[in-house]
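# Coordinate analysis (summary)
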Amino acid sequence: MVDEAYRTGDTVGGVFEVVARASRWLGSHATWIRVSMAAGPGHRLIQAVKGVEIGCAAEGAASFGSKVQDTIRYDREARRFMRGANRAGGLEGGITNGQDVVVRGLLKPISTLRRPLESVDLPTREPALAAYERSDVCVVPAAGVIGEAMVAMVLAQAFLEKFGGDSSVKHGGILKATCNR
């Protein structure tokens, strides 16, 4: 699809996914002024991102509640409670639950095409073709890097808000994020 867009002078959008490991209990459900992990990554992403999905939001919106729950199980061997799945994307009520935080950014195709779009000449008000300056065919790879940084910043902010002065907290790997583009 990207090769076809390049050949025809067009652009394409796409989806990037950031998966981050985070400590439990980061974020807040109580007030908008504290970091809500559900809203944090979304409003910090770049302009080409037209939608943000946490976990399996789109799939869940089209399903019955009984089909999208992350049921709790007990692992006797490990002697701990665990979830059967991670459809919530690591967040419950705006707070991290200890599972991987999964954030997807949905990007529109950028509007600077190699072939000019219809426009209007401002002085004459006559129809004209837009000037070609430069164009990337697909910005998803670059946006994925920005998405990683933004998710890491939101997690770091929530971490500092929760544990700012506490030096005895076990926090291993909070800023470790990977991106699938």
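This text follows the structure it describes.
I will try to describe carefully the structure that is included in this document.

Turning our eyes to something else, we now look at the pattern of salt bridges. In total, this model carries 6 salt bridges according to the counting rule given. Note that Arg 104 is salt-bridged to Glu 53, the shortest N-O span being 3.1 Å. Highlighted residues: Arg 104 in strand 7 (residues 101-107) and Glu 53 in strand 2 (residues 49-54), separated in sequence by 51 residues. Neither Arg 104 nor Glu 53 differs from the other in exposure class; each is buried. The salt bridge partner of Arg 87 is Asp 70, with a shortest N-O separation of 3.8 Å. Here the residue Arg 87 occupies a position in the loop between strand 4 (80-83) and strand 5 (91-92), and Asp 70 occupies one in the loop between helix 2 (57-61) and strand 3 (72-75), the gap between them amounting to 17 residues. What you see here is one network of salt bridges that share partners, running through Glu 17, Glu 53 and Arg 104.

Structurally, Thr 11 can be placed in the loop between helix 1 (2-8) and strand 1 (14-20). Within the structure, Thr 11 has its side chain in polar contact with the backbone oxygen of Ile 110 (distance 2.7 Å). In contact with Thr 11, other than residues within four places in its own chain, are Ala 5, Pro 109, Ile 110, Thr 112, Leu 113, Ser 135, Asp 136 and Val 137.

Of note, Gly 9 is situated in the loop between helix 1 and strand 1. C-alpha of Gly 9 to C-alpha of Leu 113: the two residues are 104 residues apart in sequence and 6.1 Å apart in space. If we ignore the near neighbours within four places in the chain, the residues touching Gly 9 are Leu 113, Arg 114 and Arg 115.

Roughly 310 Å³ of volume is contained in the largest pocket. What lines the largest pocket is a set of 13 residues, among which Arg 24, Met 82, Arg 83, Asn 97 and Gln 99 lie closest to the centre. Mapped onto the lining of the largest pocket, the elements with two or more residues apiece are strand 4 and strand 6 (95-96). The element that contributes the greatest number of residues to the lining of the largest pocket is strand 4, accounting for 4 residues. Here the lining of the largest pocket is built from residues that sort into 5 nonpolar, 4 polar and 4 charged.

Here is what the cut-offs are and how they apply
Residues numbered from 1 in each chain as written. Predicted model: local features only at pLDDT ≥ 70, side-chain atom pairs only at ≥ 80, totals over all residues. Heavy atoms only, no water. Salt bridge = Lys/Arg side-chain N within 4 Å of Asp/Glu carboxyl O. Helix = DSSP H or I, 4+ residues; strand = E, 2+ residues; numbered from the N terminus. Buried < 20%, exposed > 50% of the residue type's maximum accessible area, 1.4 Å probe, protein only. Polar contact = N/O pair within 3.5 Å; in protein donor to acceptor, adjacent residues only side chain to side chain. Contact = heavy atoms within 4.5 Å. 1 Å grid on protein atoms, 1.4 Å probe; cavity = no way out; pocket = protein on both sides within 12 Å on 5 of 7 lines; lining within 4 Å. Points joined across faces, edges and corners; volume = space filled by probe spheres on them. Nonpolar A, V, L, I, M, F, W, Y, C, P; charged D, E, K, R; others polar.

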